[in-house]
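Geometric and topological summary
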Amino acid sequence: MGSLFRSETMCLAQLFLQSGTAYECLSALGEKGLVQFRDLNQNVSSFQRKFVGEVKRCEELERILAYLVQEINRADIPLPEGETSPPAPPLKQVLEMQEQLQKLEVELREVTKNKEKLRKNLLELIEYTHMLRVTKTFVKRNVEFEPTYEEFPPLENDSLLDYSCMQRLGAKLGFVSGLINQGKVEAFEKMLWRVCKGYTIVTYAELDEPLEDPETGEVIKWYVFLISFWGEQIGHKVKKICDCYHCHVYPYPNTAEERKEIQEGLNTRIQDLYTVLHKTEDYLRQVLCKAAESVYSHVIQVKKMKAIYHMLNMCSFDVTNKCLIAEVWCPEADLHELRRALEEGSRESGATIPSFMNTIPTKETPPTLIRTNKFTEGFQNIVDAYGVGSYREVNPALFTIITFPFLFAVMFGDFGHGFVMFLFALLLVLNENHPRLNQSQEIMRMFFNGRYILLLMGLFSVYTGLIYNDCFSKSVNLFGSGWSVSAMYSSSHTPAEQKKMGLWNDSIVRHNRVLQLDPSVPGVFQGPYPLGIDPIWNLATNRLTFLNSFKMKMSVILGIIHMTFGVILGIFNHLHFRKKFNIYLVSVPELLFMLCIFGYLIFMIVYKWLVYSAETSRVAPSILIEFINMFLFPASETNGLYSGQERVQRLLLAVTALSVPVLFLGKPLFLLWLHNGRSCFGVSRSGYTLVRKDSEEEVSLLGSQDIEEGNNQIEDGYREMMCEEFNFGEILMTQVIHSIEYCLGCISNTASYLRLWALSLAHAQLSDVLWTMLVRVGLRVDTTYGVLLLLPVIALFAVLTIFILLIMEGLSAFLHAIRLHWVEFQNKFYVGAGTKFVPFSFRLLSSKFSDDVA
Amino acid sequence: MLEGAEFYFNVDHGYLEGLVRGCKASLLTQQDYINLVQCETLEDVKIHLQTTDYGNFLANQTNPLTVSKIDMEMRKKLCREFEYFRNHSLEPLSTFFTYMTCSYMIDNVILLMNGALQKKSVKEILVKCHPLGRFTEMEAVNIAETPSDLFNAVLVETPLAPFFQDCMSENTLDELNIELLRNKLYKSYLEAFYKFCKNHGDVTAEIMCPILEFEADRRAFIITLNSFGTELSKDDRETLYPTCGKLYPEGLRLLAQAEDFDQMRRVADHYGVYKPLFEAVGDGSGGKTLEDVFYEREVQMNVLAFNRQFHYGVFYAYTKLKEQEMRNIVWIAECISQRHRTKINSYIPIL
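Residues numbered from 1 in each chain as written. Chains lettered and ligands numbered in written order. Predicted model: local features only at pLDDT ≥ 70, side-chain atom pairs only at ≥ 80, totals over all residues. Heavy atoms only, no water.

If you check an unreviewed UniProt entry, chain B appears there as V-type proton ATPase subunit from Panthera leo.

Defined as follows: UniProt positions are given in the numbering used here, feature names are shortened, and annotations may be inferred rather than shown by experiment.
As recorded by an unreviewed UniProt entry, chain A carries the name V-type proton ATPase subunit a and is attributed to Panthera leo. Checking UniProt for chain A, the heading Sequence similarities (unreviewed entry) contains the comment "Belongs to the V-ATPase 116 kDa subunit family."

Thoughts on the overall build of chain B
So the rule is basically this: Only DSSP runs of H or I with at least four residues qualify as helices, and only runs of E with at least two residues qualify as strands; both kinds are numbered from the N terminus onward. As a reference, a globule follows 2.2 Å times the number of residues to the power 0.38, and the radius of gyration itself is taken over C-alpha atoms. In this description, contact between two residues means that some pair of their heavy atoms is separated by no more than 4.5 Å. Shrake-Rupley sampling with a 1.4 Å probe provides the accessible areas, and residues are treated as covered by the protein chains on show and by no other component. None of His or the chain ends enter the tally, which takes Lys and Arg as positive and Asp and Glu as negative. The atom standing in for a charge is NZ when the residue is Lys, CZ when it is Arg, CG when it is Asp and CD when it is Glu.
For chain B, the helix and strand inventory stands at 15 helices and zero strands. Taken over the C-alpha trace, chain B has a radius of gyration of 21 Å; the compact-globule value for 351 residues is 20 Å, and the two agree within 12%. Principal-axis analysis of the C-alpha atoms gives chain B an extent of 50 × 50 × 45 Å. Long-range contacts, defined as pairs at least 24 residues apart, comprise 64% of the intrachain contacts of chain B with a sequence gap of at least 6. Carbon and sulfur atoms provide 51% of the accessible area of chain B, an area that totals close to 16000 Å². The positive charge centre, built from 37 side chains, and the negative charge centre, built from 50, are 4 Å apart in chain B.

Looking at the interface of chain B and chain A
Short version of the rule: Buried area is calculated as the accessible area (1.4 Å probe) missing from two parts once they are joined, with the contributions of both summed. A pairing counts as a salt bridge when a side-chain nitrogen of Lys or Arg comes within 4 Å of a carboxyl oxygen of Asp or Glu. Pairs of N or O atoms are called polar contacts if they sit within 3.5 Å, as long as, within protein, a hydrogen donor faces a hydrogen acceptor (for residues adjacent in sequence, only side-chain-to-side-chain pairs). Side-chain classes follow a simple rule in which Ala, Val, Leu, Ile, Met, Phe, Trp, Tyr, Cys and Pro form the nonpolar group, Asp, Glu, Lys and Arg form the charged group, and the remainder, Gly included, forms the polar group.
Taken residue by residue, the interface counts 22 residues in chain B and 21 residues in chain A. Between chain B and chain A, a total of about 1800 Å² is buried, with carbon and sulfur atoms accounting for 58% of that surface. Taken together, chain B and chain A are joined by zero salt bridges. For the pair chain B and chain A, the number of links is zero residue pairs in polar contact (both at pLDDT 80 or more). Mapped by element, the contributors of at least two residues to the side of chain B that touches chain A are α3 (42-50) and α7 (147-155) of chain B. Ranked by residue count, the leading element in the side of chain B that touches chain A is α3 of chain B, at five residues. For the side of chain B that touches chain A, a count of residues per class yields eight nonpolar, nine polar and five charged.

Thoughts on the sheet that holds strand β7 (residues 222-230) of chain A
Residues and elements named next belong to chain A. Applicable threshold: Here the rule is simple: two strands pair whenever DSSP picks up at least two bridges between them. Fitting a line to C-alpha atoms yields each axis, with helices limited to the stretch in contact; the angle taken between N-to-C directions then spans 0 to 180 degrees.
Across the sheet, four strands lie side by side as β4-β7-β3-β8; this open sheet has antiparallel pairing. Each edge of the open sheet is held by one strand with a lone partner, namely β4 (200-206) and β8 (248-250). Strand-to-strand twist of the sheet, defined as the mean angle between neighbouring strand axes without regard to direction, takes the value 25°. Relative to β8, strand β3 (residues 173-181) runs antiparallel, the two sharing three bridges.

Section: a nonpolar patch on the surface
Stated precisely, the cut-off is as follows: Patch rule: a residue counts if its relative accessible area is over 30% and it has no salt bridge; like charges are joined within 9 Å, and nonpolar side chains (Val, Leu, Ile, Met, Phe, Trp, Tyr) within 5 Å.
Together, L624, I625, I628, F631 and L632 of chain A make up an exposed nonpolar region whose accessible area comes to about 480 Å². Relative to the elements of secondary structure, L624 of chain A occurs in helix α19 (residues 623-632).

Here's the deal with the nonpolar core
The cut-off we apply is this: For this analysis, a nonpolar core means a set of buried residues of the types Ala, Val, Leu, Ile, Met, Phe, Trp, Tyr and Cys, connected via side-chain atoms within 4.5 Å. Buried, partly exposed and exposed residues are distinguished by accessible area as a fraction of the type maximum, computed with a 1.4 Å probe on protein chains only: under 20%, between the cut-offs, and over 50%, respectively.
Counting 147 residues, the largest nonpolar core has F188 of chain A together with F96, L150, F193 and F315 of chain B as the members making the most contacts within it. Setting aside anything within four residues of it in sequence, one finds F188 of chain A in contact with I180, F225, I227, I241, C242, Y245 and C247 of chain A.

Re helix α5 (residues 185-196) of chain A
Rules: Multiplying 1.5 Å by the residue count of a helix minus one yields the expected span of that helix. Of all possible arcs, the one meant is that of the directions from the helix axis to the C-beta atoms.
The terminal C-alpha atoms of α5 of chain A lie 16 Å apart, and with 12 residues this matches the ideal 16 Å at 1.5 Å per residue to within 8%. Those residues of α5 of chain A that fall on the buried side of the exposure criterion are V185, F188, M191, L192, V195 and C196 of chain A. Summarising the axial view, the buried residues of α5 of chain A lie within an arc of 130°, below the 170-degree limit, and thus occupy one face. Along α5 of chain A, the residues that are exposed and aim more than 90 degrees away from the buried face are E186 and W193 of chain A. Each element contacted by the buried residues of α5 of chain A is listed here: β3, β4, β7 and α6 (232-244) of chain A together with α7 of chain B. Once α5 of chain A ends, the next one or two residues include K197 of chain A, with phi positive near 55°.

Let's talk about the UniProt feature "transmembrane region" (unreviewed entry) in chain A
The UniProt feature table records "transmembrane region" (unreviewed entry) at residues 406-430, 451-468, 554-572, 584-607, 651-674 and 785-808 of chain A. The span residues 584-607 of chain A is 100% helix and 0% strand, and its two end C-alpha atoms sit 30 Å from each other.

Focus: the confidence of the model for chain A
Residue and element names in this part refer to chain A. Threshold: Here pLDDT means the predictor's own confidence in every residue, given as a number from 0 to 100.
With 87% of its residues at a pLDDT of 70 or more, chain A shows a mean pLDDT of 81. Contacts for the low-pLDDT stretch residues 680-723, under 50 throughout, to residues beyond four places or in other chains number 32 contacts. In this model, residues 849-854 is a region of pLDDT below 50 whose contacts with residues beyond four sequence positions or in other chains number 16 contacts.

Digging into the side chain of R6 of chain A
Residue and element names in this part refer to chain A. Topologically, R6 is positioned in the segment before β1 (10-18). E393 provides the closest opposite charge to the buried, unpaired R6, separated from it by 7.7 Å. In terms of polar contacts, R6 uses its side chain to reach the backbone carbonyl oxygen of R392, at 3.1 Å. Separated by 3.3 Å, the side chain of R6 and the backbone oxygen of F572 make a polar contact. Not counting residues within four places of it along the chain, the set of residues in contact with R6 comprises R392, E393, V394, F572, N573 and H576.

Pasting the structure below:
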């Protein structure tokens, strides 16, 4: 389809929706998710818009539904989630639905209220029985005292003097009893004591079982208390204090018979209440079960309806008030779909005049739409995280699909690790339809969304691992090494020759810790290993030096190719936006600058690889020195790589030096010349103006009213074009900044690509360390205990490999790969100043209850 | 506390300070007020508030919507935030919070006592009490008949207890005495709070002391203004003035002698801070009232409190600003519901 290379062409369309059919049309559009609406009423505040009443109604429905869901959840009834999402309800059904829901709500509220009332009643009765039971023990104690204050007490009984006086004065002994919250007991008692100055006796005992608070429904511990007091005044105060502490006060029976009677009465009432409560609950459950069946579809429907009205609020009415005008961005490829959707909507509502659409010209930058599939989505996300591409600009995501996993793998190169990662990703990919993966937690979700990236990263790591010949830090000898040790022992030479060629003999082998294989000795080096690094390097002590040199050069080469590619992509952008002068004045000098310096560096590297062999390696010049000398023009003649090197280098330097002023001044001066001369090359016209010209005929098809408006718009547009100020200073400044950034960037970015080398080195070393520190220790123990030891050692090795080498190192390589793409690659051509195309689509509404309902 | 709060302030209170600054950012903006004023009905107000940080705090209210429902929900929201702050605070910030609630507690106690005097039921008045100043013993207030009774029986264990030193008298509680009690309590409360902030030192003192000084002076002015034409003697009046303000001592003495608004204005003229405030007061018809002017000044000070870091003043300032915002919304809502749009613009903008 090619749509990944550039974003799709968009056009601004005006939808004329007959007011009777607007709702159905939008419903059809929402199901398809084709267009993005523009807000035409931006300066109208939210409560003054046309369809605010309907939105309010939706909110009311949502409130009811939320209440239903809450009640259903409380009753532990499973909520069935439908497979398909029902379409937005037709307007005729909305009223019905609303009535139905409201009726349900009223009924439910009534039943719940009744239930709560019954429950509360029941709880109170239970509390009362508990209180009676507990206070009986208090009373028993009182009974013992009873005779002492019923009769005249003996005078010597000092402690009871007070009561008897009171008794004689005719004051009545009163009781208040009830239940109090555990936490409040202490404060309650203190307050009682302070207020009544000690003229009360408080007895309390803890209830052994926690009870539910009838008001809040919490289950808490309670205390039963009994206050005995004398006198009316104090009685009032005691009652007030009881109120203040929210005690549940129940009448206290004076005699044992009364108590018994009450208790019996209570028991029967509790029995009755239980049965009634059960019946109510059953009924409630029935109602809720019935509601639960349809609640899911209702929630979805209301959500869709609300979304439609929100969109309708963005439309403006035309003068006759008969139709709504909406402005939408639509991909040109989908225009016929859009027409079909409108027709469908009109047909459904049975309107006489169909809704129709017109494309209208615009100067505004359309939003960016890049269609992705599940494979490309992840890569597009990496690019979008940096910035959504400008409209119709080259989309780096297409190239990222390959370059990203590749650069990652260069840093992560290990056959074994890559394979584990590949397997993990493959597991995710094969099970991608598994519902648990789709709803998993944040971190797992991250992996899941990037599963295809992971898959490619794993595959490429396997490849680079083969090239580096690293498998869990060990080399694999697949094809047999190209080096032969026995050739060094070759006895076909005379001892003098042997000495000269540095061949080995027994004494050398015995006395030297380190032996050197010399590739110039015939038979020692039999040709390169077919794929990647020769496994013999795994044994060499100078392995690191060798690999460093190789990886460093490799990263520079890869980096420069990557960046040059970026600059070339810039040319595609200039071609597309018809700014050819940019190619000659910006891209070409940029390319020359890059290639003359760094391209030449690559040439030198490759040249040296090809030309110098083991025999001539001693006379090979250092590339670093050569490269520095290119800029320094040393007086002393060096033996260069090839003859005439001096002249070539001078020429390259001259080209570089020349391209800099062109880069700095070319574009500003050219624009100035264009501006002053007003020459009619037509090159300065941007792509958008052309689009506008093309569609001018369509404008004439609009209704008279709109033509006028349209014309006005166009005139405005022209005026704007004229007025677009030509500010030479500003252009010069931007270009100079851009050029400085580019020239310095070339050097620093090339250096930045050395991170490829650094990270791959770090990865190799870390896995090497893990091997030596763990497995080798385990392998060294003799066989009897070795088996026992190896098991935990291998387990630890596996865990550390996964956590340190795969996850930690993988993350770091991932980050560096991202950075190389965002900074080093994309700044060569990518502007990323677009806005994303967000279609009005029901699919974007969440289809779960729990998220925002309830 | 030692100087240099910035070194260790964040260890204990950094989280809450960050939180309160975030909350402050959610105060309604000028644009919000402009939109609110345009509303036609309370439903519109509700819809507009939904787009602000209040969110759908009114979603569970059944129709019809009234101003008191809005007010109640807003208070509840503030209270929730405050409780969160308080529950997560460490000393001495928690003491600071206790001091902040004291003023609401005083108001609630006085409200309940007035209610008891008018034989209204406790439940009825409880609804009107400010949720920030709610405490358990509160409902037992109507047991007491004299201030000392009140202290001994009810309030001895509440944070209000220390403020009762000056008002232990055996007078019966009639309406005037209750008002006197309120002012005396406020006086000792403000002085204690002032002392606390002063002792705390650091930025907190630098920010809070001016705010409390202003609060004290405002009370002095308001008391003076309200006492014109009542039976309150001048000596009694002087005992009610909080002594921690800028007016202390000369200004208060002069104020005690004042007999009408002009004399009061003359007292204020001696003070650079209050002179412009009194000048801004419009006379009689139109113009701002003295109260509004004071509110504006308070808002200004509270907003400025956010310019410094590492102090407790932000919590005080936030609560006060939020209260002012609630007053504004209630004012606008009242104007809308009573169709009295001419005065709708006289809310106090929060800068």
